[in-house]
Amino acid sequence: MSLDAGAIPSGDLGKLGERVDAMRAAIAAAAREAGRDPASVALLGVTKGQPRAVVLAAIGAGLADIGESYLQEARPKYFGLPAVRKHFIGHVQTNKARAIVETFDVVQSIDRIEAARAIARAGRGIGKPVRVLLQVNVSPSERFGFVPEEAPAIAARLRTDEGLEIDGVMAIGPPGGDRAGIAAAFRRAAAAFEGVGGSTFSVGMSGDWREAIACGSTMVRLGTALFGPRPAKERRKPGDEPARG
Ligand SMILES: *Cc1c(COP(=O)(O)O)cnc(C)c1O
């Protein structure tokens, strides 16, 4: 398999820097509009479906946080990169916990107790402290995630029982163009974040990052808005499940 076969022709990679800069400016403007400090919103580049060349170009363009939802895809692509924070944003399968912890620095998609336990155990096993976020479910089309109102108690329990560093909350907004519905979903996730505590409220994707910033997002996760459309067929392997297809 060639790691360099992918969406963005290499000639366009140089333009990625411009897109990252333009996106940062747009994010900063949205933050100011919401009465927030632009520095309080981090940009996570979602590289799923993109080749390693794009990952390297993104890092070259100054992205400090990158993320993937498919472990099998990320493993070769994220191997031996310069120092950036690598975020796992896909569904955690407990039998892959060790590989996830080896590959990523932050697991944003802790969506059930067994996933938290498996990740905590894997971290202890290889002596690597893992930062995690609790994924809360605020969308009728989402399969995964804790009930937002239950997340604070779950976080407290996991911190005590597993010694996990739970640094906040992640959520995926509802699809479709109902802007008010999207904002309501993010507000519900924001209330969960307030109860869970931590530094990271990871909401907002290419279609809904403006609403997310208005609702307090401290990290938007952008794929297509930064890198263009993903190839129609993502290199999904059997048993490697996305948080969202
Ligand atoms: C794919 C994905 C993203 C990025 O989606 P875009 O719409 O391309 O910005 C963000 N978060 C999660 C969990 C994803 O699976």
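Here, every reference points to the structure presented above.
Okay, so let's go over this structure.

Parameters and conventions
- Residues numbered from 1 in each chain as written.
- Predicted model: local features only at pLDDT ≥ 70, side-chain atom pairs only at ≥ 80, totals over all residues.
- Heavy atoms only, no water.
- Helix = DSSP H or I, 4+ residues; strand = E, 2+ residues; numbered from the N terminus.
- Rg over C-alpha atoms; globule rule 2.2 N^0.38 Å.
- Buried < 20%, exposed > 50% of the residue type's maximum accessible area, 1.4 Å probe, protein only.
- Contact = heavy atoms within 4.5 Å.
- Areas by Shrake-Rupley, 256 points an atom, 1.4 Å probe, with all protein chains shown as cover.
- Lys, Arg positive; Asp, Glu negative; His and termini not counted.
- Charge placed at Lys NZ, Arg CZ, Asp CG, Glu CD.
- Near = heavy atom within 4 Å.
- Polar contact = N/O pair within 3.5 Å; in protein donor to acceptor, adjacent residues only side chain to side chain.
- Salt bridge = Lys/Arg side-chain N within 4 Å of Asp/Glu carboxyl O.
- Pairing = 2+ DSSP bridges.
- Right-handed = clockwise from strand over helix to strand, strands pointing away.
- Expected span 1.5 Å × (residues − 1).
- Arc of directions from axis to C-beta.
- Phe/Tyr/Trp six-rings, centres within 6.5 Å; stacked < 30°, edge-to-face > 60°.

Comments concerning the overall build of the protein chain
Scanning the protein chain from terminus to terminus reveals nine helices and eight strands. Its C-alpha radius of gyration of 17 Å places the protein chain within 12% of the 18 Å reference for a compact globule of 245 residues. Across its three principal directions, the C-alpha atoms of the protein chain cover 50 × 45 × 30 Å. Out of the 245 residues in the protein chain, the part that is buried amounts to 53%. Once local pairs closer than 6 in sequence are excluded, the contacts in the protein chain between residues at least 24 apart make up 63%. Roughly 10300 Å² of accessible area belongs to the protein chain as shown, and the carbon and sulfur atoms make up 53% of that amount. Charge separation in the protein chain, taken as the distance between the mean sites of 33 positive and 27 negative side-chain charges, equals 4 Å.

Details of the site of the ligand
Surveying the vicinity of the ligand reveals the residues Val46, Lys48, Ser69, Ile89, Ile172, Met205, Ser206, Arg221, Leu222, Gly223, Thr224 and Arg230. Within the contact set of the ligand, an oxygen atom lies 2.6 Å away from a side-chain nitrogen or oxygen of Lys48. With respect to the ligand, the side chain of Arg230 contributes an N or O atom lying 2.8 Å from an oxygen atom.

Some remarks on the pattern of salt bridges
Charged atoms that come close allow side chains of opposite charge to pair. Inspection of the entire model under this criterion finds 13 salt bridges. Taking the shortest distance from any N to any O, the salt bridge between Glu102 and Arg75 comes out at 3.7 Å. With Glu102 in helix α4 (residues 97-103) and Arg75 in helix α3 (residues 71-77), this pair connects stretches of sequence that are 27 residues apart. Given a relative accessible area of 40%, Glu102 falls into the partly exposed group. The partly exposed category is assigned to Arg75, whose relative accessible area is 37%. The shortest N-O distance in the salt bridge between Glu162 and Arg124 comes to 3.4 Å. Taken together, the residues span a long stretch of sequence, with Glu162 in helix α6 (residues 151-162) and Arg124 in helix α5 (residues 113-126) at a distance of 38 residues. Overall, Arg124 belongs to the exposed group, its relative accessible area being 51%. Salt bridges sharing common partners tie together Glu68, Glu73 and Lys77.

Observations concerning the pairing of strand β3 (residues 85-88)
Direction of pairing for strand β2 (residues 65-68) relative to β3: parallel, over a ladder of four bridges. Residue Asp65 lies in a different strand from β3, and its bridge partner there is Arg85. Since β2 and β3 lie parallel, the crossover through α3 that links them has a hand, and here it is right-handed. With two bridges joining them, β3 and strand β4 (residues 106-110) adopt parallel strand pairing. Directly across from Phe88, in β4, lies its bridge partner Val107. For the segment spanning β3, α4 and β4, crossover handedness is right-handed.

Looking at the side chain of Asp65
For Asp65, the location among the structural elements is in strand β2. Here His87 takes part through its side chain, which lies 2.7 Å from a polar atom of the side chain of Asp65.

Let's talk about helix α1 (residues 16-33)
An α-helix turns once every 3.6 residues. As a result, residues three or four positions apart point the same way. Along its 18 residues, α1 runs 25 Å from first to last C-alpha, staying within 8% of the 26 Å computed at 1.5 Å per residue. The set of residues buried in α1 consists of Leu16, Val20, Met23, Ile27, Ala28, Ala30 and Ala31. In a view along the axis of α1, the buried residues occupy a sector of 160°, so they form one face of it. Exposed side chains of α1 directed beyond 90 degrees from the buried face belong to Glu18, Arg32 and Glu33. Looking at the buried side of α1, the elements it contacts are β1 (42-46), α2 (52-60), α8 (209-214), β8 (219-222) and α9 (224-227). Taken from the residues just after α1, Gly35 is the one with a positive phi, measuring 70°.

Thoughts on the packing of aromatic side chains
For any pair of aromatic rings, the description consists of the separation of the ring centres together with the inter-plane angle of the planes. Enumeration according to the criterion identifies three aromatic pairs in this entry. Through pairs of rings, three or more aromatic residues link up here, namely Tyr78, Phe88 and Phe104.

Description of the environment of Ser217
By the element assignment, Ser217 lies in the loop between α8 and β8. Given the relative accessible area of 0%, Ser217 is considered buried. Through-space distance from the C-alpha of Ser217 to that of Ser69 is 20 Å; in sequence the pair is 148 residues apart. The residues touching Ser217, leaving out its near neighbours within four places in the chain, are Arg36, Ser40, Val41, Phe201, Val203 and Ala212.

In short, the description is geometric, and any link to function would need to be established separately.
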